[in-house]
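Notes for the structure review
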Amino acid sequence: MLLTIYSCNDAIKRLDDYLDRELSSTELVRVERHVKLCQSCSKKFKFEKETLDGIRAKFNRIILPIDIYERIEQLLELESGNKDNH
Amino acid sequence: MEMLAKGSAETFNALLEPVLAKSYAMAYHMSGNKEEAEDLVQEAALLAFRGFGSFQLGTNFKAWFFRIVVNCAHSLHRKRQREPKVTALEDAEDLYLYTHTAKEGLHRKFDNPAELVLDRMSIDQIKQAIESLPFDYRLVCALYFLEEISYQEIADIIDIPVGTVRSRLHRGRKLLQKSLWDLAVENNIVQSLKEESGALR
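Residues numbered from 1 in each chain as written. Chains lettered and ligands numbered in written order. Predicted model: local features only at pLDDT ≥ 70, side-chain atom pairs only at ≥ 80, totals over all residues.

**A few points about the confidence of the model for chain A**
The cut-off we apply is this: pLDDT is a per-residue confidence score from the predictor, ranging from 0 to 100. Strands are runs of DSSP state E lasting at least 2 residues, helices are runs of H or I lasting at least 4, and numbering of each runs from the N terminus.
Mean pLDDT for chain A: 88, with 91% of residues reaching 70 or above. The secondary-structure element of chain A with the lowest mean pLDDT is helix H5 (residues 68-85) of chain A, recorded at 82, while helix H1 (residues 8-13) of chain A shows the highest, at 95.

As structure tokens, then:
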């Protein structure tokens, strides 16, 4: 039944899949309904979302060394040259 | 080996350039240091260039190249066989950061304690946290945190079943949260937030 309301445990068990948009449409509706009604779970879902976003932001703050593209180009030119010589 | 036509080499370079930064970041998180990340990306670029003839234009170059980076990371890992000390998987409970930030009273004064803790952590500390994960978990987490991609796409890149991606990701996140929290405690980030929280009262 689509109108089934999840318990806190049911909702928390699905938290990761919810944040990753991996729930079925029925589960999604049930989780959202629970979170709307339950302040404690709503806080936890918000916290987890912020945690994921925070980690993701840090993960992406890795700077590509400026000369790496040139080094790769040189490597590939060398490889092309080697091929030409064969 | 079949020679790449000049046009193909140009096409290859044009496809490679936009995915290089993400590939490097992924290699960095997988290997744990800059030098190895550079080597991994260069090796992957060379292998991809050699195998470019098998790439179907119009399909997803990024996923194709990521797969090569992952394979290179696997080979490197097998060569060095240096598995980090692994936290017992059952050690990390659900909602680890939530529970611990709440226990330390950080929810009372701060709207967004997770963001505050993470903001004060350096890139090196984040790197340390991901390095504490077993290699297989590290691969999945590196892809997951760098790209907003589905479990199925991660499964296709690493060539493992989607159920394995799900379980590694769920457990990997818990372990990562535990590791981040431990580092935040060790580096006095939690203590200073607690003091600020007290000062705000």
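Alright, that's what it looks like, and here's the rest.
**A few points about the environment of B:Ala129**
Residue and element names in this part refer to chain B. We count it as follows: By definition, residue pairs are in contact when their C-beta atoms, positioned from the backbone, come within 7 Å.
For Ala129, the position within the fold is in helix H7 (residues 123-131). Along the sequence, Ala129 and Thr101 sit 28 residues apart, while their C-alpha atoms lie 17 Å from each other. Look past the residues within four positions of Ala129 in its chain and what remains in contact with it is Leu176, Ser179, Leu180 and Leu183.

**Let's talk about helix H3 (residues 25-37) of chain A**
Turn by turn, an α-helix covers 3.6 residues, leaving residues three or four places apart pointing in a common direction. Residue and element names in this part refer to chain A. Operational definition: One less than the residue count of a helix, multiplied by 1.5 Å, gives the span that helix is expected to have. Burial in this document is a count-based property: other C-beta atoms within 10 Å of a residue's C-beta are tallied, and the residue is buried at 20 or more, exposed at 12 or fewer, or partly exposed in between, with C-beta positions derived from the backbone. By arc we mean the arc of the directions from the helix axis to the C-beta atoms, nothing more.
Across its 13 residues, H3 extends 19 Å between first and last C-alpha, which sits within 8% of the 18 Å expected from 1.5 Å per residue. Taken residue by residue, H3 has Arg30, Val31, His34 and Val35 as its buried positions. Projected down its long axis, H3 carries its buried residues within an arc of 130°, all on one side. Along H3, the residues that are exposed and aim more than 90 degrees away from the buried face are Ser25, Thr26, Lys36 and Leu37. Those residues of H3 that are buried lie in contact with H1, helix H2 (15-19) and helix H4 (39-59).

**A word on the nonpolar core**
Soluble, globular proteins show a tendency: their nonpolar side chains are buried together. Test applied: Here, a nonpolar core means buried Ala, Val, Leu, Ile, Met, Phe, Trp, Tyr and Cys residues linked by C-beta atoms lying within 7 Å of one another. Domain start and end points were adopted from an automatic or database domain assignment.
In terms of nonpolar packing, the biggest core is built from 63 residues, with B:Met26, B:Ala27, B:Ala44, B:Val69, B:Val140, B:Cys141 and B:Leu143 touching the most fellow members. With 9 residues, the single largest contributor to this core is helix H8 (residues 135-146) of chain B. A domain-level breakdown of this core finds at least three residues from each of domain 1 (6-80) and domain 2 (89-200) of chain B. In contact with B:Cys141, not counting residues within four places along its chain, are B:Ile130, B:Leu133, B:Leu169, B:Gly172 and B:Leu176. In this structure, A:Tyr18, A:Val31, A:Val35 and A:Phe45 belong to the second largest nonpolar core, which totals 8 residues.

**Let's talk about unusual backbone geometry**
The residue A:Arg21 is not glycine, and still its phi comes out positive at about 55°. You will see that B:Asn188, though not glycine, has its phi angle at about 60°, which is positive. Its 12 C-beta neighbours within 10 Å are what place B:Asn188 among the exposed residues.

**Considering the interface of chain B and chain A**
We count it as follows: Classification used: nonpolar for Ala, Val, Leu, Ile, Met, Phe, Trp, Tyr, Cys and Pro, charged for Asp, Glu, Lys and Arg, polar for all others including Gly.
Across the contact, 34 residues belong to chain B and 28 residues belong to chain A. Broken down by secondary-structure element, the contributors of at least two residues to the side of chain B that touches chain A are helix H1 (6-31), helix H2 (34-50), helix H4 (96-103), helix H6 (113-119), H7, H8 and helix H10 (162-186) of chain B. When residues in the side of chain B that touches chain A are grouped by element, the largest group, 8 residues, is from H1(B). Among the residues making up the side of chain B that touches chain A, the classes are represented as 24 nonpolar, 5 polar and 5 charged.

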